[in-house]
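Results of the structural survey
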Amino acid sequence: MPTYWTGNDCQIPGTYESDCECARVITLRKGEEFPPCVECSQVVSWELLAAASEEPARLRR
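Residues numbered from 1 in each chain as written. Predicted model: local features only at pLDDT ≥ 70, side-chain atom pairs only at ≥ 80, totals over all residues. Heavy atoms only, no water.

As for the state of the cysteines
- Scanning all chains against the criterion turns up zero disulfides.
- Counting only cysteine sulfurs, cysteine 40 is the nearest neighbor of cysteine 22, a cysteine outside any disulfide, at a range of 3.8 Å.
- Exposure remark for cysteine 22: the relative accessible area of 22% places this residue in the partly exposed category. (Disulfide = S-S within 2.5 Å. Buried < 20%, exposed > 50% of the residue type's maximum accessible area, 1.4 Å probe, protein only.)

So this is what it looks like as structure tokens:
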């Protein structure tokens, strides 16, 4: 599965999980910037869990 880092632009809209111990899950649209972990504020990598078949309505959850 594709992996991106904090600061990268999202190329594949969908649901992503952080690699930190928080294992936060976010939903991003294409072109949005991957954030630091929303719980621990660390720079992390984000792994695609599921690509969206269309642009997600919610940006983050």
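Some words on the pattern of salt bridges
- What the rule picks out here adds up to one salt bridge.
- Note that arginine 24 is salt-bridged to glutamate 39, the shortest N-O span being 3.3 Å. Remark: glutamate 39 occurs in the loop between strand E3 (25-28) and strand E4 (45-51) and arginine 24 occurs in the loop between strand E2 (14-18) and E3; sequence separation between them is 15 residues.
- Owing to a relative accessible area of 30%, arginine 24 belongs among the partly exposed residues under this scheme. (Salt bridge = Lys/Arg side-chain N within 4 Å of Asp/Glu carboxyl O. Helix = DSSP H or I, 4+ residues; strand = E, 2+ residues; numbered from the N terminus.)

A closer look at the packing of aromatic side chains
- Applying the stated criterion to the full structure yields three aromatic pairs.
- Residues tyrosine 4 and tyrosine 16 carry aromatic rings whose centres are separated by 6.0 Å and whose planes lie at 70° to one another, so their mutual orientation is edge-to-face. Here tyrosine 4 is found in strand E1 (residues 3-5), whereas its partner tyrosine 16 is found in strand E2, with 12 residues between them in sequence. Both residues of the pair, tyrosine 4 and tyrosine 16, belong to the buried class.
- Pairing tyrosine 16 with phenylalanine 34 gives two aromatic rings, centres 4.8 Å apart and planes at 85°, and the pair type is edge-to-face. Here phenylalanine 34 lies in the loop between E3 and E4 and tyrosine 16 lies in strand E2, a separation of 18 residues in the sequence.
- Members of the aromatic cluster, joined through ring pairs, are Tyr4, Tyr16 and Phe34. (Phe/Tyr/Trp six-rings, centres within 6.5 Å; stacked < 30°, edge-to-face > 60°.)

Let's talk about the sheet that holds E3
- The antiparallel open sheet is built from four strands, whose spatial order is E1-E4-E2-E3. The open sheet has two edge strands with one neighbour each: E1 and E3. If you compare each strand with its neighbour and ignore which way they point, the axes differ by 35° on average.
- Pairing geometry for E2 and E3, over four bridges, is antiparallel. Paired with glutamate 17 across the bridge in E3 is valine 25. (Pairing = 2+ DSSP bridges. Axes fitted to C-alpha atoms, helices over the stretch in contact; angles between N-to-C directions.)

Everything listed here is a matter of geometry and, on its own, says nothing about what the molecule does.
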